[in-house]
Amino acid sequence: MDDEIQLISDGDGLAVIGNPTAVERFLVSEGLPSKDLGLQRLRPVLNIGAGAARAGSEIAADSGRWVKLTKDSAQLVEKYGLRESAKSGLSTGVLKGNSGQIKGFVEFTKGSRSFLGNPAVLAGAAGIMAQLAMRQTMDEITDYLAAIDEKVDDVLRAQKDAVLADMIGVDLVVEESMTIREQVGRVSEVTWSKVQATSVTIARTQAYALRQLDALAEKLEHNTKIGDLAKTSKDAELKVQEWLAVLARCFQLQDAIAVLELDRVLDTSPEELDRHRLGLRAARRNRLDLISRSTERLMIRMEAAAGTANTKVLLHPAASRAVVHSSEHVAVAVVDFQGRLGIERGRQSLEARRWVDAATEVRDKVLETGAEVRDKVLETGAEGVDAARQLGNETLDRARSVTGRLSGEIAERALRWRGNDERG
């Protein structure tokens, strides 16, 4: 039994449970960074269900590690033939191997030990996995807010609106509660009483920020003149990042409250933990859908503005270039933001329309209007070519910069997790 490990996947992460040596060997063989699952926190559920005493003794002896599901690690679910439960949404399985042989962990075997066979303990493990996934997102949002120029604290403090002013107080209360949780290891009634009414304020602030983004999208839709479009696009370029920062902080605080809430349910009503986890998961998905729709609308308006600008690159090269530049800046900001929240979106990068394509459309008119107009259009078109070429290079550089920064931060966090666990 020493080489048997149990796998649990909830779609966001993968828990690897078993003998510490076997678990470590499996993770090394797959090249996966991991975090401590914290099995000791399952004590409140050990008195629930048959075989609880046996489960308790095995939990005490086992090691549990958590791996965030990425494109690569998610393939393990299929690779090892995990079976999904329609009721809980969890995929589980048991792997067995020969002592000392990493390659032995390749065979899925039917049957399960008491950990996977005890619904209450399994639900508790799923609850902890949900907390770790949300903490991971919270860490990524912290990195995001540190990386952008407009820190969310600066944005909030610069606002006189009461909705955003209330947000600052909620921020302090939630941070304090999370600190107490880390020190105590649980969420007491006193701690929970501080934060249980803060969700309304966060939701109100989120709605406010979404309305601001929608207002920017509407302005872009109603402007048709290239000069007005350039001004509105520049305004959006400056403000979008600020409101994305507010949205990111709202989402981070909502995840923090959910983490505290799961702890509280685990302590007071462990038999309801699984249903509560699924409810929080659905609510979180709804928030993501709402944010996704709003940011997508903004992207569509910015893309439409860039398309309008590209059709006028011959006669208004400077203004057209400014619109497309602002559109690209907003696109990079939104894609980065969506990535930190786990919103994936397939999108081709905007590209300024080549002057030679535009010139083809007006070629006949140029020939008809004579040498003076032809010379003027060719001169303007040359500026359009330079603008489009320079914009394309800048866009590529920005995309490479964002991709490189994200990859570097992910690698750095993976090393930091393993280093922290080794010191602990």
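Counting restarts for each chain: residues are numbered from 1 in the order of the written sequence. Selection of residues for local features in this predicted model requires a pLDDT of at least 70, selection of side-chain atom pairs for listing and counting requires 80 or more, and totals for whole chains, interfaces and linings are taken over all residues. Each side-chain value is worked out from all heavy atoms of the structure, with water and hydrogens disregarded.

This part covers the overall build of the protein. Where helices and strands are cited, they refer to DSSP runs of H or I of at least four residues and of E of at least two residues respectively, numbered from the N terminus. For the protein, the helix and strand inventory stands at 14 helices and 7 strands. In the protein, 78% of the contacts between residues at least 6 apart in sequence involve partners at least 24 apart. Only the protein chains shown count as cover for residues, and all accessible areas are computed by the Shrake-Rupley method using a 1.4 Å probe. Surface summary for the protein: the accessible area is close to 20,900 Å², and the carbon and sulfur share equals 51%. By definition, residues are in contact when any of their heavy atoms lie within 4.5 Å.

The next thing to look at is the pairing of strand β2 (residues 13–18). Working definition: with a 1.4 Å probe on protein chains only, accessible area under 20% of the residue-type maximum means buried, over 50% means exposed, and in between means partly exposed. The element β2 is extensively covered by neighbouring structure, given that 6 of its 6 residues are classed as buried. A two-sided burial pattern is seen for β2, the buried positions comprising Gly13, Ala15 and Ile17 on one face and Leu14, Val16 and Gly18 on the other. Counting the residues between successive antiparallel strands, the hairpin from strand β1 (residues 5–9) to β2 contains 3 residues, one of them, Gly11, with a positive phi of roughly 95°. Strands were regarded as paired on the criterion that DSSP finds at least two bridges between them.

With that settled, consider the confidence of the model for the protein. As a per-residue quantity, pLDDT reports the predictor's confidence and falls between 0 and 100. Of the residues in the protein, 68% reach a pLDDT of 70 or more, and the chain-wide mean stands at 75. The model gives residues 99–112 a pLDDT under 50, and that stretch makes 35 contacts with residues more than four places away or in other chains. Contacts for the low-pLDDT stretch residues 391–396, under 50 throughout, to residues beyond four places or in other chains number 9 contacts.

We now examine the nonpolar core. What tends to happen in soluble globular proteins is that the nonpolar side chains get buried as a cluster. Think of a nonpolar core as a cluster: buried Ala, Val, Leu, Ile, Met, Phe, Trp, Tyr and Cys residues, connected wherever their side-chain atoms sit within 4.5 Å. In terms of nonpolar packing, the biggest core is built from 64 residues, with Val240 and Leu298 touching the most fellow members. Looking at this core, the elements with two or more residues in it are α5 (119–147), α7 (162–184), α8 (189–195), α9 (199–222), α10 (226–268), α11 (273–311) and α12 (317–341). A per-element tally of this core places α10 first, with 22 residues. The residues touching Leu298, leaving out its near neighbours within four places in the chain, are Leu213, Leu216, Ala217, Leu220, Val240 and Val330.

The next thing to look at is the pattern of salt bridges. Any two side chains of opposite charge can pair, given that their charged atoms come close. What counts as a salt bridge is simple: a side-chain nitrogen of Lys or Arg found within 4 Å of a carboxyl oxygen of Asp or Glu. Applying the stated criterion to the full structure yields 19 salt bridges. Here Asp12 ties to Arg281 by a salt bridge, and the two come within 3.0 Å at their closest N and O atoms. Highlighted residues: Asp12 in the loop between β1 and β2 and Arg281 in helix α11, separated in sequence by 269 residues. Under the relative-accessibility criterion, Asp12 is labelled partly exposed at 33%. Residues participating in the shared-partner salt-bridge network are Arg41, Arg135, Arg181, Glu182 and Asp263.

Right, let's get into α12. If you check α12, its first and last C-alpha atoms are 36 Å apart, about what 25 residues at 1.5 Å a residue would give, namely 36 Å. Phi turns positive one or two residues past the end of α12, at Gly342, with a value near 85°. Here a helix's expected span is defined as the number of its residues, less one, multiplied by 1.5 Å.

With that settled, the discussion passes to the environment of Met178. Within the element layout of this structure, Met178 appears in helix α7. The spatial distance from the C-alpha of Met178 to the C-alpha of Ala256 is 7.4 Å, given a sequence separation of 78 residues.

You can see Glu237 is positioned in helix α10. You can call Glu237 buried: its relative accessible area is 9%. The contacts of Glu237, once residues within four sequence positions are left out, are His325, Ser326, His329 and Val330.

Pairing of aromatic side chains requires ring centres within 6.5 Å, counting the rings of Phe and Tyr and the six-membered ring of Trp. Pairs whose planes differ by under 30 degrees are stacked, by over 60 edge-to-face, and all others tilted. Evaluation of the coordinates by the stated rule reveals 2 aromatic pairs. Ring plane angle 55° and centroid distance 6.2 Å describe the contact between Tyr144 and Phe337, whose orientation is recorded as tilted. Taken together, the residues span a long stretch of sequence, with Tyr144 in helix α5 and Phe337 in helix α12 at a distance of 193 residues. For the pair formed by Tyr144 and Phe337, the shared burial category is buried. The ring of Phe251 carries the charged tip of Arg287 above its face, separated from the ring centre by 5.4 Å. Sitting over a ring, as applied to charges here, requires NZ of Lys or CZ of Arg to be within 6 Å of the ring centre and within 35 degrees of the ring normal.

In the sheet, β1 pairs with strand β6 (residues 91–96) via 5 bridges, with the strands oriented antiparallel. Looking at the pairing, Ser9 lines up with Ser91 of β6. Sheet topology places strand β5 (residues 83–84) next to β6; 2 bridges connect them, and they run antiparallel. The residue of β6 that forms the bridge with Glu84 is Ser91. Where β5 hands over to β6, the hairpin turn is made up of 6 residues, of which Gly89 adopts a positive phi near 80°.

When two helices pack together, their arrangement is given by the angle between the helix axes and by the axis-to-axis distance. Convention adopted: a line fitted to C-alpha atoms gives each axis, helices being fitted over their contacting stretch, and angles between N-to-C directions are expressed from 0 to 180 degrees. For the pair α9 and α10, the least separation of the axes is 9 Å and the interaxial angle reads 160°. Compared by their axis directions, α9 and α10 come out roughly antiparallel. α9 and α10 meet at a crossing whose hand is left-handed. Here the term charged refers only to Asp, Glu, Lys and Arg, the term nonpolar to Ala, Val, Leu, Ile, Met, Phe, Trp, Tyr, Cys and Pro, and the term polar to all other amino acids, Gly among them. Looking at side-chain class alone, the contact of α9 with α10 contains 18 nonpolar, 7 polar and 3 charged residues. For classification purposes, angles smaller than 35 degrees are called roughly parallel, those larger than 145 roughly antiparallel, those between 65 and 115 roughly perpendicular, and all remaining angles oblique. If you view the pair so one helix is near and one far, a crossing is left-handed when the near helix is turned anticlockwise from the far one by less than a right angle, and right-handed when it is turned clockwise.

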